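# Architecture at a glance
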Amino acid sequence: MVSQTPDVVAATGQANMLDRLYDSVLNIYRNHTFRVIIQAIITVWAVVTFTFFLVRLMPGNPIDVLIEQILVQEGISYQEAYDRVAASFDFDPDATALDQYFDWFGDVLRLDLGTSITSPGTRVVDEIARYLPWTLFAVGSGLLISFVLGIVLGMTMAYYRNSPLDHILSLFASFMTGVPNYIWGLLIIIILGIQLNWFNVGALRGTYDVNTTPGFNLPFIVSVLEHALLPIITYVVSTLGGWMLNMKSSTMSVLNDDYVNVAEARGLKDSRIITAYVGRNASLPLFTQLTISIGFVLGSGVVIEEIFVYWGLGHYLFASITTRDYTSMQGVFVILVITVVFANLIADLTYGFLDPRVRVSGQK
Amino acid sequence: MSVINSIFSSIWNFIKRISKNKAGFVGFIGLIIYFIVTFIMPSFVDFDDEPKLDEITGPIGSRIVLAVHVDDVDTYKTMEDLEGKTVGVVSQTGGPIFIEPYEDTVNVETFRWNSRRDGPGIQAGLIALANREIDAMLIFSKSVTEYIDNQEDPELRQLFEDNIAISNPTLGPPHLLGTDTQGRDIATHIVHGGRLLILTAVLGGVISTMIALVFGSLSALFGGVLDNVLTALTNLILAIPRFPLLVVLAGLISFDNTLFLGVLIGLLGWPALMRAIRAQVLSLRERDFVEAAQSLGLSTTHIMLREILPNMISFVAINLIFSITFAMYEQIGLVVLGLAPISDYTWGVMLYFGRTRGTLFNADGASMALAPVLAIALFQVCLVLFARALEEVFDPRLRSAV
Amino acid sequence: MSQPMNDDVVLRVDDLSIVYQTKRGNVQATTNISFDLKRGQAMALIGESGSGKTTVSLSLIRKLPKNALITQGQVLYQRDGNVRDVLKLSKRELREFRWKDCAMVFQGSQNAFNPVLKIRTQFEDTARAHGWTDKNAVRERALELLRLVRLDPERVYEAYPHELSGGMKQRTLLALGVLLNPQVVILDEPTTALDILTQRAIIDVLNEMQQRLNFSIIFISHDLSLAAEMADVVATVYAGEIVEIGPVNDMFYDPQHPYTHGLLTSVPKLDHEQDFVSSIAGAPPNLISPPSGCKFHPRCPYATDKCSEDDPTLTGEKPDHLAACWNKDALLEAREEIARKELAQ
Ligand SMILES: Nc1ncnc2c1ncn2[C@@H]1O[C@H](COP(=O)(O)OP(=O)(O)O)[C@@H](O)[C@H]1O
Ligand SMILES: [Mg+2]
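In this report, the structure presented in the accompanying data block is examined. Here the structure is a predicted model, which means the values were calculated and not measured.

### Quick notes on the overall build of chain A
On a plain count of helices and strands, chain A comes out with 13 helices and zero strands. Order of helices (α) and strands (β) in chain A, N terminus to C terminus: α-α-α-α-α-α-α-α-α-α-α-α-α. In terms of C-alpha radius of gyration, chain A reaches 26 Å, well past the compact-globule figure of 21 Å for 364 residues. Referenced to the eigenvectors of the C-alpha coordinate spread, the extents of chain A come out at roughly 85 × 60 × 40 Å. The proportion of buried residues among the 364 residues of chain A is 53%. For chain A, the share of sequence-separated contacts (at least 6 apart) that also reach a separation of at least 24 residues comes to 68%.

Here it is, written out as structure tokens:
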């Protein structure tokens, strides 16, 4: 539509039209944002509903199991047991299922996720707030490092394609992607930790050294980095290969694009061409993949954190499953999904910001 | 005859094409080796199920050796040399098992294993040997170091050093990959531990791929409401991190059946591939031959099966391989966490025990975790290399879904 | 051509030969090409697809593919009395030379602009790369040029490439091409991908710009009518050689080479490069092992034994109209014959 406006127009006095153009572009941009946000909301709604179904309605659901358990253990009446479970899950035992559903929905929106079953009185959301930041820190820095490194190495491979360097990096990349991330974790423990003795893996349990005082002081920060180091390395190593290979093929196709050739003919400096012309365009497809990767890596955190005994959300989820702490489990799952959706939202919006074409066509 | 010929020649062609891509060829050979090791070798190698108390976390290559009195070093070297002599073994170790075939020709003196690790069983045997009460003793190579070299009692140490020598350090067959926390041979576990894992992963991968294929083609061929619904469903499932979902499901419905787990993984694993297949079918639909078929009024089923599917075979095959790697990833991930069945002794279960029994942190026992780690890692790498090579061999334009 | 360069010569190509090294052998893409381009002059290179036009033009800014090898020759540019051989410039000098001295519109470059940067940024990038950092000055010059190519300057300047149509992009590229006031602008089939109306508009704009800014043009085309409209001088390229060169009128009304004549008498079909020489029998030669003697002889209706033995050089009665052919007389006779027939009708 924009391109069909008459292009042979008088040169001056077009401020009015310019404004309109700005407006429409801006509007469409808002639309892209709008659409992405709507999708995120729908996803969250669906998952919250799904979780409700899983916990309340599915045969053999946790609520029935718990009631059964209390009945057997304490020999109280069914109603009493039911009320007690309802209190933990924070729903009104006398309401209809539909009302409970709306109630649950409202609770989630208010981030009220009930109280822990195994340690009564502890609010699940408080526990999550304790664990989540560590996971975000480790996964976030791991992804960020591997994304940036992958872009740089992938471009290097494309610029030196078919050289020995490219072949070696390709082989490494295949290894890095092929081997599952928890296998990398175990390898890191066995090789770096035990055989080479570079890290005292046993002492790196948790997220920081309890002898330090949390806050902005050097010993604390150092211990935080120390504890997160191995998980971060694992996230980096297991995702780096994918970015490298993707960036390589993407760069190779961009290098064939006209505008790179023209930029060279325009006498632009190499540094400018590599960054703003090749790098920027070649990395665009990677942002789409980032959305898949975020969910995957956050999800794999459950095993990785367990392997390194890193006390993040994954560790908390696993702990609540082994102790059958259903309310915690449900809360962590919902928060995990919301985190993924939110991270995807940010990636999507960043993409829209980086690629002007998306703002108009609304598609990737 | 000619059928066999043509089959052979097409296989040969395929091998020639894949061998152009070095990495892919390595992957291909690797997969063949894996097939032999995990599917054929189990018929020839028995699963070592015998706990052996003195062989716990034996290092790679450790085995039963023959200890004799220093004066007999040149006399007794094999079991044949010991005909009619007295040979000591320790109960609940590899000794009694090893000596079974020779029980008619030698006298066996059994020393009782004591529940203590440095129990008097071995010690008593060695003392007896040093005093020439018995002629030889079967002892595990790792135990020799532990009981003779590391002996803390100076008197005993002196006694052992003066009187005992190893006359045959390679008497028993070696444990190629060492022994686990129960003294069982890890190599036999590796041989037996792959089949179920691989079959389950293939099951999961096939289910995912089938669903993706059906949904993707339906979506692309019929469009409209069906397409919208399927696409929305796909996006939704894609937004849920799959592994935590499996973990939560494992917490709600305990997975006690490996095959069921495979099916479940398959049922959750199709969305990314469905998108890719939908795009493929959409683009194939635009091609001339499909349009021609449509204009001839051929049915959609016919077009799908006869025109479109044959053109997607390689694409689907490649993505099937990737699906298998994902199914394997998830399955083993759950096992490592202990949330999936550990009754069958697979590589994943070996990892689980390696982790929970702490051999990970024991330099001698590293192989209990390291062996399955490498078995899984190399298998996945072979699959990925092979799939990438197929991608290049078949059609470089077709890119995988992930 | 070893005479000294006159002041009005801005570009001299001297005895230039280029091969492409391929697995199947060396492709002789350009052989002993020489020509002078004068200030303000527009020269057209015409010839079939694969005759080496693009190769020549790319060598002028040293932008040949990696497998190309310049085996001999010079490409001399003269600016303010200084003569420089492009082929001898250092990497840095070359970068500064490009676009400032010689700008180029590549063949088939539909996406000459970086899709994620505004047109403004791409103008500024170009200026900054050549030491011109005053953004306001760049803006003023750019708007003036965009107006010159008949675009809505303010709008286009702030637009992203995808917001412009193909014709608009091509004109924006022309404006960008002359941003730094180059002496020479090379246009390699600049209109092939555009519809006929847009083609016209581009040619008009180009003519107008050239009049105003007085740069020299090398215009590569297979479309003779466009070439006729643009050019002062026309060179016919066949199998990597210039087989005829001369002023536009002489070339069209008095072609001296059978190939040029063949091009002129064939009926052009729109947008189909391949078809337009259909009246010349045969196909362009294989440049890995080109024919002996005159490379055109296998397809030439007037060929004699001599043609397959000796390679003719460029000669002519007029000093500015040269052709490489042994049998110019035979062609002349044939043309007179045709003319008689037409008269008779
Ligand atoms: N990169 C290359 N490698 C090998 N041969 C090439 C390459 N580029 C062009 N050629 C060959 O060089 C000859 C001249 O090509 P080109 O300059 O593109 O001709 P034109 O522009 O007149 O169509 C052709 O035979 C073409 O096949
Ligand atoms: Mg060309």
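### Things to note about a negative patch on the surface
Residues and elements named next belong to chain A. A cluster of like negative charges, contributed by Glu80, Asp83, Asp92, Asp94, Asp99 and Asp103, occupies part of the molecular surface. Among the secondary structure elements, those contributing two or more residues to the negative patch are helix H3 (78-89) and helix H4 (97-109). Within the secondary structure layout, Asp103 lies in helix H4.

### Brief notes about the site of ligand 1
All names here are of chain C. Not every one of the 15 residues close to ligand 1 is listed here, only the nearest: Gly50, Lys53, Thr54, Thr55 and Asn67. Contact between ligand 1 and Gly52: an oxygen atom at 3.0 Å from a main-chain N or O atom of the residue. Side-chain polar atom of Thr54 to an oxygen atom of ligand 1: 2.5 Å apart, as the coordinates give it. Coverage of ligand 1 by the protein amounts to 70% of the 560 Å² it exposes when considered alone. Breaking the shell around ligand 1 down by element, the ones donating at least two residues are strand S1 (9-22), strand S2 (25-38) and helix H1 (53-60). In terms of residue class, the shell around ligand 1 is made up of five nonpolar, eight polar and two charged.

### Some remarks on the coordination of the magnesium ion (ligand 2)
Only Thr54 of chain C (OG1) and Gln107 of chain C (OE1) from the protein reach the magnesium ion (ligand 2) as donors, at distances of 2.0 to 2.2 Å. With Thr54 of chain C in helix H1 and Gln107 of chain C in the loop between strand S6 (102-105) and helix H3 (119-129), this residue pair connects regions lying 53 residues apart in the sequence.

### Remarks on the sheet that holds S6 of chain C
All names here are of chain C. Spatially, the seven strands line up as an open sheet ordered S6-S7-S8-S3-S9-S10-S11, and their pairing is mixed. One side of each edge strand has no neighbouring strand; the edge strands of this open sheet are S6 and strand S11 (322-323). Of the pairings in the sheet, the one linking S6 to strand S7 (residues 184-188) comprises four bridges and is parallel in character. Within the sheet, the bridge partner assigned to Ala103 lies in S7 and is Val185. Sheet strands in contact with helix H10 (residues 258-265) are strand S3 (42-46), strand S9 (233-238) and strand S10 (241-247), and its direction is about 105 degrees off that of S9.

### What about the interface of chain B and chain A?
Every contact between the two is made by 38 residues of chain B and, on the other side, 42 residues of chain A. Applying the counting criterion to the chain B and chain A interface returns zero salt bridges. Counting across the interface, chain B meets chain A through four residue pairs in polar contact (both at pLDDT 80 or more). Of all the secondary structure elements, the ones that give two or more residues to the side of chain B that touches chain A are helix H9 (224-239), helix H10 (242-252), helix H14 (300-337), helix H15 (347-356) and helix H16 (366-394) of chain B.

### Quick look at the sheet that holds strand S2 (residues 86-90) of chain B
Residues and elements named next belong to chain B. Read from one edge of the open sheet, five strands run S3-S2-S4-S1-S5, paired in mixed fashion. The open sheet terminates on both sides in strands that have one partner only, identified here as strand S3 (107-111) and strand S5 (164-168). The average undirected angle you get between the axes of adjacent strands in this sheet is 35 degrees. As paired elements, strand S1 (residues 64-69) and S5 share four bridges and run antiparallel to each other. Bridge pairing in S5 places Ala67 opposite Ile166. Sitting on the sheet, helix H5 (residues 141-149) is in contact with S1, strand S4 (136-140) and S5, with an inclination near 100 degrees to S4. On top of the sheet, helix H6 (residues 154-163) reaches S1 and S5; it is set at about 40 degrees to S5, its chief contact.

### Looking at the interface of chain A and chain C
The interface of chain A with chain C comprises 36 residues on the first partner and 41 residues on the second. Of the roughly 3,200 Å² buried between chain A and chain C, counting both surfaces, carbon and sulfur atoms make up 58%. There are three salt bridges connecting chain A and chain C. Between Lys91 of chain C and Asp270 of chain A there is a salt bridge; the shortest N-O distance is 3.2 Å. Where chain A packs against chain C, one counts 14 residue pairs in polar contact (both at pLDDT 80 or more). Those elements that provide at least two residues to the side of chain A that touches chain C are helix H1 (15-57), helix H9 (258-265), helix H10 (270-307) and helix H13 (356-361) of chain A. Ranked by residues supplied to the side of chain A that touches chain C, first place goes to H10 of chain A with seven residues. When grouped by side-chain class, the residues that make up the side of chain A that touches chain C number 19 nonpolar, six polar and 11 charged.

### Here's the deal with the packing of helix H8 (residues 195-222) of chain B against H14 of chain B
To characterise two packed helices, one gives the angle between the axes of the helices and the distance between these axes. Residues and elements named next belong to chain B. One can describe the packing of H8 onto H14 by two numbers: an axis separation of 7 Å at closest approach and a directional angle of 140 degrees. When the axes of H8 and H14 are compared, the pair comes out oblique. Note that H8 runs across H14; the crossing there is right-handed. When grouped by side-chain class, the residues that make up the contact of H8 with H14 number 18 nonpolar, nine polar and no charged.

### Overview of the pattern of salt bridges
Within this structure, the stated rule accounts for 38 salt bridges over all chains. A salt bridge links Asp71 of chain B to Arg132 of chain B, with the nearest nitrogen and oxygen atoms 3.4 Å apart. On the criterion of sequence distance, the pair formed by Asp71 of chain B in the loop between S1 and S2 and Arg132 of chain B in the loop between helix H4 (120-130) and S4 is long-range, its members being 61 residues apart. Since its relative accessible area comes to 53%, Asp71 of chain B is described here as exposed. Classification of Arg132 of chain B as partly exposed rests on a relative accessible area of 42%. Taking the shortest distance from any N to any O, the salt bridge between Glu96 of chain C and Arg92 of chain C comes out at 3.2 Å. Note that Glu96 of chain C and Arg92 of chain C are positioned in helix H2 (residues 91-97) at a spacing of four residues, about one turn of the helix. Overall, Arg92 of chain C belongs to the exposed group, its relative accessible area being 58%. Connected through salt bridges with shared partners, the residues Lys118, Arg120, Glu124, Lys135, Arg139, Glu154 and Glu158 of chain C form a single ionic network.

What counts and how
- Think of each chain on its own: its residues are numbered from 1, step by step along the sequence as written.
- Think of it this way: whatever chain is written first is A, whatever ligand is written first is 1, and the rest follow in order.
- Residues qualify for local features only when their pLDDT is at least 70, as the model is predicted, and side-chain atom pairs are given and counted only at 80 or more; totals for whole chains, interfaces and linings, by contrast, use all residues.
- The side-chain numbers reported here are obtained from all heavy atoms of the structure, hydrogens and water having been left aside.
- Numbering of helices and strands runs from the N terminus, with a helix taken as a DSSP run of H or I at least four residues long and a strand as a DSSP run of E at least two residues long.
- Radius of gyration: C-alpha atoms only; globule rule: 2.2 Å multiplied by the number of residues to the exponent 0.38.
- Summary of the burial criterion: residues with accessible area below 20% of their type's maximum are buried, those above 50% are exposed, and those between are partly exposed, where the area comes from a 1.4 Å probe applied to protein chains only.
- Residue contacts are defined here by distance: any two heavy atoms, one from each residue, within 4.5 Å place the two residues in contact.
- Patch criteria: residues need more than 30% relative accessible area and no salt bridge. Like-charged residues are merged within 9 Å; nonpolar side chains of Val, Leu, Ile, Met, Phe, Trp and Tyr are merged within 5 Å.
- What sets the accessible areas is the Shrake-Rupley method with a 1.4 Å probe; for residues, cover comes only from the shown protein chains.
- Salt bridge, as applied in this entry: a Lys or Arg side-chain nitrogen positioned within 4 Å of an Asp or Glu carboxyl oxygen.
- Counted as positive: Lys and Arg. Counted as negative: Asp and Glu, with His and the chain ends omitted from the count.
- For charged residues, the charge sits on one atom: NZ in Lys, CZ in Arg, CG in Asp, CD in Glu.
- Neighbouring residues are identified by heavy atoms, a residue being near a molecule or strand if any of them is within 4 Å of it.
- We call two N or O atoms a polar contact when they sit within 3.5 Å, provided that within protein one can donate a hydrogen and the other can accept it, with sequence-adjacent residues counted only if both atoms are side-chain atoms.
- The residue classification treats Ala, Val, Leu, Ile, Met, Phe, Trp, Tyr, Cys and Pro as nonpolar and Asp, Glu, Lys and Arg as charged. All others, Gly included, are polar.
- Donor criterion used throughout: N, O or S atom within 2.8 Å of the metal, extended to 3.2 Å for Na, K and Ca. Water excluded; incomplete-looking sites may result.
- By this definition, two strands are paired if DSSP reports at least two bridges between them.
- Convention adopted: a line fitted to C-alpha atoms gives each axis, helices being fitted over their contacting stretch, and angles between N-to-C directions are expressed from 0 to 180 degrees.
- Throughout, buried area stands for the accessible area (probe radius 1.4 Å) lost by two parts on being put together, summed over both.
- Angles below 35 degrees are treated as roughly parallel, those above 145 as roughly antiparallel, those between 65 and 115 as roughly perpendicular, and all remaining angles as oblique.
- Left-handed describes a crossing whose near helix is turned anticlockwise from the far helix through less than a right angle; right-handed describes the clockwise counterpart.

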